[in-house]
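Letter by letter, the chains look like this.
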Amino acid sequence: MVNIVEQSISQAMDEPDDRMMFTRIKDIVARHLRRMDPGATVTKTEFFNHTHVPDMVLEWPGRPRTPRRFIYLRTTSDQRELEDDLQRLPRADRPVLLALGQLSSTRQQGDLPPLPGSSTALLLDASALGALQPADDSPGIPHLVSRSVLEGGRGTLDKPATEAFLNTVVQGAEAARAGERVPTRDAVDALTARMTTDVADRMSAFLAALWQGGGSTLANFPAPQRGVGHLDETALMYLLESEDITDTAFWNRVVRMISLPILLRTPAAGTGNLQYLMHEAIRLWTSRVCMIVPGVADADISPWRWAVKAGQLILQTPRFHVLVAQSQRQLPSGQEHDLPRLDEVRNRADRFGIPLTSLRMVVTDRHVGYGGPGDDISHDTQLDGISDALGQAEGVIEAEARIPSGETLQCMFGSGIASARGARTQVPLDALLGTTTRLLSELSNDEAEKITQLLGAQGPPPDQPWSQPSFDDI
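Keep in mind the model is a prediction, meaning the values are calculated, not measured.

Q: Even after reading the chapter, I still don't get the pairing of strand β10 (residues 312-316), so can you show me in this structure?
A: Burial within β10 is extensive, with five of its five residues counted as buried. In this structure, strand β9 (residues 305-309) lies alongside β10, joined through five bridges in antiparallel fashion. Note on β10: the bridge partner recorded for Arg 305 is Gln 316. Between the end of β9 and the start of β10, which pair antiparallel, lie two residues, with Ala 310 showing a positive phi angle near 50 degrees. Examined bridge by bridge, β10 and strand β11 (residues 320-325) share four bridges and lie antiparallel to one another. Counted as the bridge partner of Ile 314 is Leu 323 from β11. Counting the residues in the hairpin turn of β10 and β11 gives three residues.

See the structure below:
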């Protein structure tokens, strides 16, 4: 059966005007490549069927460690001629030779010999290109494997070989989650034969994550242990963009193979798997600072979801977003929020059981501070007297809040930023975001319930006796 890509290329080659033919073919190939991997950019050159100058350049701006690939279109389908061509092209460019017809019909059962083990070159024909899965047609493992062919495929692929390779790796991914050794090993062997070393290692790490997530031990994974004990950002992207995995135990195991800095380097938007990952990570990972910014939900991402964008972890709600960062330098500047009154801040703290250890307020151009030796001041009756004396015109600039793990957060109401006290202090994400959203924003009952669903309850403060000095003691 002729696939659409192959058919379109064949029709374009019947174009009598050579320049128009070149343009049409390049447009067809570029469009399919972009559909296969929306994160890739395809740059078309002014050349066609040139010996040494590529017809297209394939790059991944969001994944700077993924090397570019040069694509050469060829009107010949003679495999010896094409393979001779490949030997002359620089290895560093990871050249891709695309035969616009079909490779020799004498080799149509997926038995095409791979190029030498050190090769970084890929030879495929139009039917093989059409067999690679576009993202919008078939999301999931087949798409991820197809995209990995773009990144690091090597050797020779016709349609039968491509379909056999896709099938082997897809079956291997399913087998890895089930802890089945033979199909998993077959997939690793196929990746080693058909991929450059870096991409094969990433895909093996992806399979190892499925293996461990399914409950099997890494020691029994049927592949060399090189680099499979952790996920880099690209392997994590493979995992996040695969079919949704709803198994909580799976993500509880996988989350220990990665870290927040790895996630922040991962070009993932708001996938379903990211939601399951964060459900487990929110209790295990730490960070230093977060920020509330006004904003509505993006059109392509549902509200009340996690997203990763431009190197930031974002908790997105319909009314505001919470940005997580390792330092304040990574946060946007210039955000201004109205200052809440003292009674509003005390009510929020009381509503969610947040111990406040100090407050700083402003009245016109004067600042007033109130604090103690680290105990909870939110119930102090002296604060009632301060509020009465100031005529309830005070605005709270800053509050220090103690979180369940014992650390203190400095919460700035004007900027919407909360940060851990201490130059290198890291605090659990659930406490960091939970305390920030509950104290710096006036949550409706529905919003409070949603926050609890995503972050867990506020949690009890550390065991410290609560005492309040009387007026006679001060």
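After that view, the rundown keeps rolling.
Q: What's the story with helix α5 (residues 141-152) in this structure? I'm lost.
A: Along an α-helix, residues three or four apart share an orientation, since each turn contains 3.6 residues. Relative to the 16 Å expected for twelve residues at 1.5 Å per residue, α5 spans 16 Å between its end C-alpha atoms, a close match to the ideal helical length. With eleven of its twelve residues buried, α5 lies for the most part within the structure.

Q: What is the right way to read the pairing of strand β13 (residues 366-371) from this model?
A: Sheet faces and side chains relate simply in a regular strand, where the side chains alternate between the two faces. With six bridges connecting them, strand β12 (residues 356-363) and β13 associate as antiparallel partners. Paired with Val 363 across the strands is Arg 366, a residue of β13. What sits between the antiparallel neighbours β12 and β13 is a turn of two residues, in which Thr 364 has the positive phi angle 50 degrees.

Q: How should unusual backbone geometry be read in this particular structure?
A: Most peptide bonds take the trans form, and the phi angle of most residues other than glycine is negative. Its identity is not glycine, yet Arg 94 carries a phi of approximately 45 degrees, on the positive side. In this fold, Arg 94 is placed in the loop between α3 (79-88) and β4 (96-99).

Q: Looking at this structure, how should I read the packing of helix α8 (residues 197-213) against helix α9 (residues 233-240)?
A: Between α8 and α9, the least distance of the axes is 9 Å, while the angle of their chain directions is 50 degrees. Between α8 and α9, the interaxial angle falls into the category oblique. The handedness of the crossing between α8 and α9 comes out as right-handed. When α8 is examined against α9, the residues Val 199, Arg 202, Met 203, Ala 205, Phe 206, Ala 209 and Leu 210 are found in contact with a partner set consisting of Thr 234, Ala 235, Tyr 238 and Leu 239.

Q: Teacher, can you tell me more about the side chain of Lys 26 here?
A: Looking at the secondary structure, you find Lys 26 in helix α2 (residues 18-36). Buried and without a salt bridge, Lys 26 has Asp 55 as its closest oppositely charged side chain, separated by 4.2 Å. In this view, Lys 26 contacts Lys 44, Thr 45, Glu 46, Phe 47, Phe 48, Asp 55, Met 56 and Leu 73; residues no more than four positions away in its chain are not counted.

Q: What is the right way to read the sheet that holds β10 from this model?
A: Within a sheet, each strand pairs with its neighbour through backbone hydrogen bonds, oriented either parallel or antiparallel. The strand order across the open sheet formed by nine strands is β9-β10-β11-β8-β16-β15-β14-β12-β13, and the pairing between neighbours is antiparallel. One side of each edge strand has no neighbouring strand; the edge strands of this open sheet are β9 and β13. Strand after strand, the sheet turns through a mean of 20 degrees between neighbouring axes, direction not considered. Note: strand β14 (residues 395-402) against strand β15 (residues 408-412), five bridges, orientation antiparallel. What sits directly across from Arg 402, in β15, is Thr 408.

Q: Sorry, what's going on with the environment of Ala 135 here?
A: Inspection of the secondary structure assignment puts Ala 135 in the loop between α4 (126-131) and α5. Residue Ala 135 is classed as buried on the basis of its relative accessible area, which comes to 17%. Linking Ala 135 and Pro 38, residues 97 residues apart in sequence, is a C-alpha distance of 7.7 Å. Excluding residues within four positions of it along the chain, Ala 135 makes contact with Arg 35, Met 36, Pro 38 and His 143.

Calculation rules
- Residues numbered from 1 in each chain as written.
- Predicted model: local features only at pLDDT ≥ 70, side-chain atom pairs only at ≥ 80, totals over all residues.
- Heavy atoms only, no water.
- Buried < 20%, exposed > 50% of the residue type's maximum accessible area, 1.4 Å probe, protein only.
- Helix = DSSP H or I, 4+ residues; strand = E, 2+ residues; numbered from the N terminus.
- Pairing = 2+ DSSP bridges.
- Expected span 1.5 Å × (residues − 1).
- Axes fitted to C-alpha atoms, helices over the stretch in contact; angles between N-to-C directions.
- Parallel < 35°, antiparallel > 145°, perpendicular 65-115°, else oblique.
- Left-handed = near helix turned anticlockwise from the far one by under 90°.
- Contact = heavy atoms within 4.5 Å.
- Lys, Arg positive; Asp, Glu negative; His and termini not counted.
- Salt bridge = Lys/Arg side-chain N within 4 Å of Asp/Glu carboxyl O.

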